[in-house]
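Remarks on the overall topology
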Amino acid sequence: MTTPSWQDTDAYIVEQLVGDDSVLTDTLQANADGGLPAIDVSAAQGKFLHLLARSVNAMRVLEIGTLGGYSTIWLARAVGEFGRVVSLEFSPKHAAVARANLAAAGVGDRCEVRVGAALESLPVIAAEAGEPFDLVFIDADKENNSNYVEWALRLTKQGSIILVDNVVRDGAVADPETTNPQARAGRELIDMLKAEPRLDATVLQTVGAKGWDGFAYALVTS
Ligand code: SAH
Ligand code: DHB
Ligand code: MG
C-alpha cells in the first residue's frame with residue numbers, strides 16, 4: 001500500500017466520524033456560489049470545535065472571522081437552543097452569505113453576525129457588559145491575533161478557552177527569519193501567550209484537508 005496522503009486520511013476520518021451533512025455541504029456550496037474563499041476550517045476541525053464547546057458546556061461563544069458561517073454553524077450547534085454565538089466579520093458580503101447559511105442551518109436565532117473591523121466591534125461588545133464568553137475562536141486577520149487575544153481576555157472568565165486558528169502555517173512559525181506575515185503573527189502570538197500570566201497555552205499542529213497548520217489553545221487561568 002502506498003502511504004495515504006493527509007487529505008486521504010482526513011477523508012477517511014470524516015467519512016467514519018463526521019458523516020454527510022447536507023446543511024454543511026450546502027453552506028460550502030453557497031460560499032463557493034458567492035465567491036467566498038474556501039478557507040473555512042475543515043470538517044474534522046469543525047467537529048473538533050463543536051465537541052470542545054460541548055465539553056465545557058459553552059453557552060456563549062465569540063468568534064472573530066465568520067466568512068460564510070461554516071465554523072459558526074458547528075459552534076452554534078454546540079451551544080444549543082438557549083446558547084449564543086456572536087461572530088465578527090469585516091466583509092458585509094461574507095456576513096450576508098453567513099446569515100443566510102445560519103438561517104438555513106436552523107441556528108440563525110442563536111447567532112449574531114456583527115459587521116465591521118473586529119477591533120472596532122470588540123470595544124462595543126465590551127461596553128455592552130454582557131455575560132463573559134466561555135469560548136473564543138479567533139480566525140480572522142492573523143496580524144491582529146495578539147490584539148484579539150487581549151480583547152478575549154477582557155471578555156472571558158477563569159476557565160474560558162481561547163482558540164486561535166492558523167498559527168503554524170506549514171511550520172513557518174518556527175523559523176525566526178520567516179518573512180511570511182501570518183507566520184510572524186504566529187510568533188508574536190506565541191510570545192504573547194508565553195508572557196501572559198492569565199493564560200496557560202499550547203499549540204496543536206494539524207494536518208489534513210487544509211494542509212499543515214495548527215491551533216493555539218489557551219486556558220484562561222485567572
Ligand atoms: N471561521 C471561518 C473562516 C474565517 S476566514 C470558518 O472556519 O468557516 C477569515 C474571515 O475573517 C474572512 O471572512 C475575513 O473577511 C474576516 N476578516 C478579516 N479581517 C477582519 C477584521 N479585521 N475584522 C473582522 N473580520 C475580518
Ligand atoms: C487561510 C486559511 C485559514 O484557515 C484562514 O483562516 C485564512 C487563510 C489560508 O490558507 O490562506
Ligand atoms: Mg482559519
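Before reading on, note that the structure itself is shown above.
So, a few notes on the structure that sits alongside this text. (Residues numbered from 1 in each chain as written. Chains lettered and ligands numbered in written order. Predicted model: local features only at pLDDT ≥ 70, side-chain atom pairs only at ≥ 80, totals over all residues. Heavy atoms only, no water.)

Moving on, we get to the coordination of the magnesium ion (ligand 3). Summarising the metal site, the magnesium ion (ligand 3) is bound by the protein donors D139 (OD), D165 (OD) and N166 (OD1), whose distances to it range over 2.0 to 2.2 Å. Each donor residue of the magnesium ion (ligand 3) lies on the same chain, and together they follow the pattern D-x25-D-N. By relative accessible area, D165 is classed as buried at 5%. Classification of N166 by relative accessible area gives buried; the value is 13%. (Donors = N, O, S within 2.8 Å, 3.2 Å for Na, K, Ca; no water. Buried < 20%, exposed > 50% of the residue type's maximum accessible area, 1.4 Å probe, protein only.)

Turning next to unusual backbone geometry. A negative phi holds for most residues other than glycine; trans holds for most peptide bonds. A positive phi is found at N166, a non-glycine position, where the angle reads about 65 degrees. Along the chain, the position of N166 falls in the loop between β5 (156-164) and α8 (181-195). For D170, which is not glycine, the phi dihedral falls at a positive 55 degrees. Here D170 is to be found in the loop between β5 and α8. (Helix = DSSP H or I, 4+ residues; strand = E, 2+ residues; numbered from the N terminus.)

Here we take up the site of ligand 2. Taken together, I39, D139, K142, D165, N166 and R169 make up the full set of residues adjacent to ligand 2. K142 places a side-chain nitrogen or oxygen 2.9 Å from an oxygen atom of ligand 2. Note that an oxygen atom of ligand 2 is positioned 2.8 Å from one of the side-chain N or O atoms of N166. Protein contact buries 68% of the 290 Å² of open area that ligand 2 shows by itself. (Near = heavy atom within 4 Å. Polar contact = N/O pair within 3.5 Å; in protein donor to acceptor, adjacent residues only side chain to side chain. Areas by Shrake-Rupley, 256 points an atom, 1.4 Å probe, with all protein chains shown as cover.)

Secondary-structure assignment places Q7 in helix α1 (residues 6-18). A residue is classified by how much of its surface remains accessible, and Q7, at 39% relative accessible area, is partly exposed. Once the C-alpha coordinates of Q7 and L153 are considered, the two residues, 146 residues apart in sequence, prove to be 35 Å apart. Contacts of Q7, omitting those with residues within four sequence positions, involve G208, A209 and G211. (Contact = heavy atoms within 4.5 Å.)

Turning our attention to the nonpolar core. Side chains of nonpolar character tend, in soluble globular proteins, to be buried together. In terms of nonpolar packing, the biggest core is built from 28 residues, with L62, L122, V149 and I162 touching the most fellow members. Secondary-structure elements contributing two or more residues to this core are β1 (60-64), β2 (84-89), α6 (118-128), β4 (133-138), α7 (145-154), β5, α8 and β7 (213-220). The element contributing the most residues to this core is α7, with five residues. Excluding its chain neighbours within four sequence positions, the residues that come into contact with V149 are I138, I162, V164, L189, M192, L193 and L199. (Core = buried A, V, L, I, M, F, W, Y, C linked by side-chain atoms within 4.5 Å.)

Scanning the model with the defined rule gives eight salt bridges in all. For D21, the salt bridge identified is with R77, shortest N-O distance 2.8 Å. One end of the pair, D21, is in the loop between α1 and α2 (22-33); the other, R77, is in helix α4 (residues 70-79), and 56 residues separate them in sequence. Look at R77 and you get partly exposed, because its relative accessible area is 27%. One salt bridge connects D213 with R169, and the closest N-O pair in it is separated by 2.6 Å. Residue D213 is located in strand β7, and its partner R169 is located in the loop between β5 and α8; the two are separated by 44 residues in the primary sequence. Given a relative accessible area of 7%, D213 falls into the buried group. Ionic contacts of the salt-bridge type, sharing partners, join the residues R84, E112, R114 and E128 into one network. (Salt bridge = Lys/Arg side-chain N within 4 Å of Asp/Glu carboxyl O.)

This part covers the side chain of T206. Along the polypeptide, T206 turns up in strand β6 (residues 199-206). T206 gets classed as buried once you look at its relative accessible area, which sits at 15%. Among all residues touching T206, those that are not within four sequence positions of it are Q45, G211, W212, D213, G214 and F215.

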